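Residues per chain, in single letters:
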Protein chains: 2
Amino acid sequence: MGKVICIGLGPGDPELMSVKAHRLLTGAGIVAYFRKAGKPGQARRMVEGLIPGDAEEWPLEYPVTTEIALDDPAYNAALGPFYDHWAARLAGAGGDVVVLCEGDPFFYGSFMHLHSRLPRERVEVVPGIPGMAGCWTATGLPITWGDDVLTVLPATLPQAELARRIADTDALVVMKIGRNLAKLRRAVAAAGRDESAWLVEYAAMADQKVTRLCEAEAVTPYFSILLIHGQGRRP
Amino acid sequence: MGKVICIGLGPGDPELMSVKAHRLLTGAGIVAYFRKAGKPGQARRMVEGLIPGDAEEWPLEYPVTTEIALDDPAYNAALGPFYDHWAARLAGAGGDVVVLCEGDPFFYGSFMHLHSRLPRERVEVVPGIPGMAGCWTATGLPITWGDDVLTVLPATLPQAELARRIADTDALVVMKIGRNLAKLRRAVAAAGRDESAWLVEYAAMADQKVTRLCEAEAVTPYFSILLIHGQGRRP
């Protein structure tokens, strides 16, 4: 019986995956990755040229992505059976399967939904550089100093909740911006922090873009993160 | 004029450094790393066998570590000139210098104090897997799901402040535990979360240890992180 090994690929640049992830990927017999039906998928794009020529590729195509709201019961009703199906298929592959994951698998990653459906002894996770670390590196400034508190928020939270938490932290990372950018902007303004917020799009990729929030116009919904750098104690 | 390139080494296992960090390290002419005087240093230990035989090694020995409290003005008075001195030496090396950094350089890393003293065009940072990602991977459980909020706290904060923030987050990471473990335990208890807190020592190293906080006895001060996993939305 093989193992299901999820490798974190890091923020975007293939050279930022770990030596271990690279070793597992280039020696893989079966490589699986999530994608939207009909799209190549970002994880697959990141490993172009690294999958062995004789490896099998198993694309795991989401039955739904942004067409149904996350809090609509129909969303979980569609996704649950999808994860059940693939957890069973990966476990029954008859050999090791390497599953690709952007960023770090245990930090808001889709693989967690397969992981929770697999026996512990059949699954292994190789951590990766989270997307947010690629983003703060792209700004050229440290995210936290000394006693700084860092808060990571999903932009899916209600505006008042976002504003309250943005006002109550030193350093900030906001993920899952997508359709929530206008609400997030209002929350940052309500917290009085527009001047210090930065948007990073496509961190560690060819089209990386770093903009001050107050100067940002069109923003790429999926590959974007908002940051505020901590300003804590330093010698 | 050379560059000062800081490479994040990740949480502990040398195979978890990025392919890029590995390439820069194994091709380095000068390798610099922080350490406590008279100790080998954890960053140096992690790269054993990877530094080219003909490379120069420059240990940057802290003039003070835990002998002076962080909020004592004498601490910054000792550290400021130390960072000034080494920023000037690294910039004047006459070639590229690779600086080692555990975890991710811009996430509470010592390199930030050299970075802020160097001209932007002379310095480069290669992100790494933060220690906390090694820790949550070691627990075998995801840290954040769905709309979970993640808070990262330094245990150096006052107890009441720790308790307030621990009660007000879904997922939690506490860094810099050191001498603050007793205070941190009281704060976790005051927030009513002792049952869900985990301590991870030496993540991704040979002596890795994962314990529930309520069962933890002696804890290694330096290489330990406290975690509470988020329990958010999932299909």
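Everything below is about the structure shown above.
So, here's what we can say about the structure. (Residues numbered from 1 in each chain as written. Chains lettered and ligands numbered in written order. Predicted model: local features only at pLDDT ≥ 70, side-chain atom pairs only at ≥ 80, totals over all residues. Heavy atoms only, no water.)

1. Focus: the sheet that holds strand β1 (residues 4-8) of chain B
Residues and elements named next belong to chain B. This is how it is decided: At least two bridges found by DSSP between two strands is the condition for calling them paired. What counts as a helix is a DSSP run of H or I of at least four residues, what counts as a strand is a run of E of at least two, and both are numbered from the N terminus. Note on definitions: angles span 0 to 180 degrees between N-to-C directions of axes, and those axes are lines fitted to C-alpha atoms, for helices only across the stretch in contact. Contacts are assigned to residue pairs that have any heavy atoms within 4.5 Å of one another.
Pairing in this open sheet of five strands is parallel, and the strands run β3-β2-β4-β1-β5 from one edge to the other. Each edge of the open sheet carries a strand with a single partner, namely β3 (56-62) and β5 (123-126). Ignoring which end each strand starts from, the neighbouring axes of this sheet average 25° apart. For strand β2 (residues 30-36) and strand β4 (residues 97-101), the ladder comprises two bridges, and the chain directions are parallel. Along β4, the bridge assignment pairs V31 with V98. Strand contacts of helix α1 (residues 19-26): β1, β2, β4 and β5, with the helix running at about 130° to β1, the strand carrying the most contacts.

2. So, the packing of helix α6 (residues 159-167) of chain B against helix α7 (residues 181-190) of chain B
All names here are of chain B. Cut-off, in case you're wondering: For this classification, under 35 degrees means roughly parallel, over 145 means roughly antiparallel, 65 to 115 means roughly perpendicular, and everything else is oblique. Definitions for this section: a left-handed crossing has its near helix turned counterclockwise from the far helix by less than a right angle. A right-handed crossing has that turn clockwise. Only Asp, Glu, Lys and Arg are considered charged in this grouping, and only Ala, Val, Leu, Ile, Met, Phe, Trp, Tyr, Cys and Pro are considered nonpolar; every other residue, Gly among them, is considered polar.
One way to put it is that α6 packs onto α7 with a least axis distance of 8 Å and a crossing angle of 40°. Taken together, the axis directions place α6 and α7 in an arrangement best described as oblique. The two elements α6 and α7 cross, and the hand of that crossing is right-handed. Across the interface between the two elements, Q159, L162, A163 and I166 of α6 pack against K183, L184, R186, A187, V188 and A190 of α7. Taken together, the residues of the contact of α6 with α7 break down into seven nonpolar, one polar and two charged.

3. Some words on the nonpolar core
As a reminder, the rule being used: We call a set of buried residues a nonpolar core when its members are Ala, Val, Leu, Ile, Met, Phe, Trp, Tyr or Cys and they connect through side-chain atoms within 4.5 Å of each other. Exposed residues in this analysis have more than 50% of their type's maximum accessible area, buried residues have under 20%, and partly exposed residues fall in between, with area computed by a 1.4 Å probe over protein chains only.
Core analysis: the largest hydrophobic core is formed by 127 residues, its most contacted members being I7 and L100 of chain A together with I7 and L100 of chain B. In terms of residue count, helix α3 (residues 73-91) of chain B provides more of this core than any other element does, eight residues in total. Apart from the residues lying within four places of it in its own chain, the contact partners of L100 of chain B are I7, L9, L25, V31, A32, Y33, A43, R44 and V47 of chain B.

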